[in-house]
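Survey of secondary and tertiary structure
If you want the building blocks of each chain, they are given just below.
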Amino acid sequence: MKRIAYFLLIVTLFVLQACSSGGTSKPGLIPPVSADGPSNSALAGAANARGIANVPALCSGAEDTNTAAFATEVIRLVNVERAKAGVGALTSQTQLAQAAQKHSIDMGCKFFLSHDGTDGTSPFDRMDDFGYPYSAAAENVAAGYATPADVMTGWMGSEGHRKNILNADFTEIGIGYVYNPGDTANAFYHYWTMTLGAQ
């Protein structure tokens, strides 16, 4: 009997090790954030007060070749969900997309998942930096989801993220995405940012 129990223990440990040796983390979500305006960009002379000229360059090894196509698909999927909920469609907005891409580059190059950038910016600072004058705004972030469908499933499965996506107050959206195969820190590889707003 002891030999059978010992054998079962060895088999169980082997199976657990095999299942955990893939080196990939579970996809990650953190609670979304939102704010009611007005933004600092809505104040005269306040837009881009910190001198942010454009989206930063990618770090070595990171890729953004799929960003435009993935953004288009995420926005399509968002609007499918909004139509189901009887909420108006969102339109792509350049400044929101720039703020989102800046943050995805930051997360994807420095291997972290947060609403706060490594330069100390909040989502709303980044929107201000790119001159987006919001009256209401929000940000969803995620990591580890390889496709637009996957990240949308993750966001829609989270009450707070879904609430942002279906919020009838928002009229515009921006999507950021970066892939970094060199992500040895946590093996997320895929970094997503969704910015939502209304002017």
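Description of the structure in this document. Position numbers for residues count from 1 along each chain, tracking the sequence in the order it is written. Two thresholds apply to this predicted model, a pLDDT of at least 70 for residue-level local features and 80 or more for giving and counting side-chain atom pairs, whereas whole-chain, interface and lining totals are computed over all residues. Side-chain metrics rest on all non-hydrogen atoms present in the structure, leaving aside hydrogens and water.

Description of the packing of helix H2 (residues 67–84) against helix H5 (residues 148–156)
Every axis in this analysis is a line fitted to C-alpha atoms, fitted for helices over the stretch in contact. Angles between the N-to-C directions lie between 0 and 180 degrees. The way it works is that DSSP assigns letters per residue, a run of H or I at least four long becomes a helix, a run of E at least two long becomes a strand, and they are numbered from the N terminus. At their nearest, the axes of H2 and H5 sit 9 Å apart, and the two run at 40 degrees to each other. Classified by the angle between their axes, H2 and H5 sit oblique to one another. Crossing angle aside, the handedness with which H2 passes H5 is right-handed. Between H2 and H5, the residues in contact are Phe70, Glu73, Val74, Leu77, Val78 and Glu81 and Pro148, Ala149, Val151, Met152, Trp155 and Met156, respectively. To sort the angles, those under 35 degrees are grouped as roughly parallel, those over 145 as roughly antiparallel, those from 65 to 115 as roughly perpendicular, and the leftovers as oblique. What makes a crossing left-handed is the near helix being turned counterclockwise from the far one by less than a right angle; a clockwise turn instead makes it right-handed. Two residues qualify as a contact provided that any one of their heavy atoms is within 4.5 Å of a heavy atom in the partner residue.

Considering H2
To estimate how far a helix should extend, the number of its residues minus one is multiplied by 1.5 Å. The end-to-end C-alpha separation of H2 is 26 Å, in line with the 26 Å expected for 18 residues at 1.5 Å each. For the exposure calls, accessible area comes from a 1.4 Å probe over protein chains only, and a residue counts as buried if that area is under 20% of its type's maximum, exposed if over 50%, partly exposed in between. For H2, the complete set of buried residues consists of Thr67, Phe70, Ala71, Val74, Ile75, Leu77, Val78, Asn79 and Arg82. Taken from the residues just after H2, glycine 86 is the one with a positive phi, measuring 75 degrees.

A few points about the state of the cysteines
Covalent bonding between the sulfur atoms of two cysteines defines a disulfide. In plain terms, two cysteine sulfur atoms within 2.5 Å form what is called a disulfide here. Throughout the structure, instances matching the rule amount to 1 disulfide. A disulfide bridge connects cysteine 59 with cysteine 109, and the sulfur atoms are separated by 2.1 Å. In this structure, the disulfide formed by cysteine 59 and cysteine 109 twists by about -90 degrees around the S-S bond and is classed as left-handed. Taken together, the residues span a long stretch of sequence, with cysteine 59 in the loop between strand E2 (33–36) and H2 and cysteine 109 in helix H3 (residues 94–110) at a distance of 50 residues. Given a relative accessible area of 25%, cysteine 59 falls into the partly exposed group.

A few points about the environment of threonine 195
Position of threonine 195 among the secondary structure elements: in strand E6 (residues 190–198). Taking the C-alpha atoms as reference points, threonine 195 and alanine 99, separated by 96 residues in sequence, lie 7.6 Å from one another. Excluding its chain neighbours within four sequence positions, the residues that come into contact with threonine 195 are Leu96, Ala97, Ala100, Met127, Ala138, Glu139, Glu172, Ile173 and Gly174. Counting of polar contacts relies on pairs of N or O atoms within 3.5 Å, with two restrictions inside protein: one atom must be capable of donating a hydrogen and the other of accepting it, and residues adjacent in sequence are counted only when both atoms are side-chain atoms. At 2.9 Å, the side chain of threonine 195 and the backbone oxygen of leucine 96 are in polar contact.

With respect to the side chain of arginine 82
As for its placement among the helices and strands, arginine 82 is situated in helix H2. Put simply, arginine 82 is tucked away with no salt bridge, and the nearest opposite charge, on aspartate 169, sits 8.4 Å away. A distance of 2.6 Å separates the side chain of arginine 82 from the backbone oxygen of glycine 88, its partner in a polar contact. Beyond its immediate stretch of four places on either side in the chain, arginine 82 contacts Val87, Gly88, Ala89, Leu90, Ile165, Leu166, Asn167, Ala168 and Phe170. Positive residues here are Lys and Arg, negative ones are Asp and Glu, while His and the chain termini are left out of the count. Take a side-chain nitrogen of Lys or Arg and a carboxyl oxygen of Asp or Glu: if they are within 4 Å of each other, that pair is a salt bridge.

Digging into the pairing of E6
Counted residue by residue, E6 has 9 buried out of 9 residues, so it is predominantly covered. Of the two faces of E6, the one holding His190, Trp192, Met194, Leu196 and Ala198 and the one holding Tyr191, Thr193, Thr195 and Gly197 are both buried throughout. Direction of pairing for strand E4 (residues 136–143) relative to E6: antiparallel, over a ladder of 8 bridges. Across the sheet, the residue bridging to alanine 137 is glycine 197, located in E6. Here, strands pair whenever DSSP counts at least two bridges between them. Here strand E5 (residues 172–179) runs beside E6; their pairing, made up of 8 bridges, is antiparallel. Within E6, the position partnered with glycine 174 by the bridge is threonine 195.

In short, the description is geometric, and any link to function would need to be established separately.
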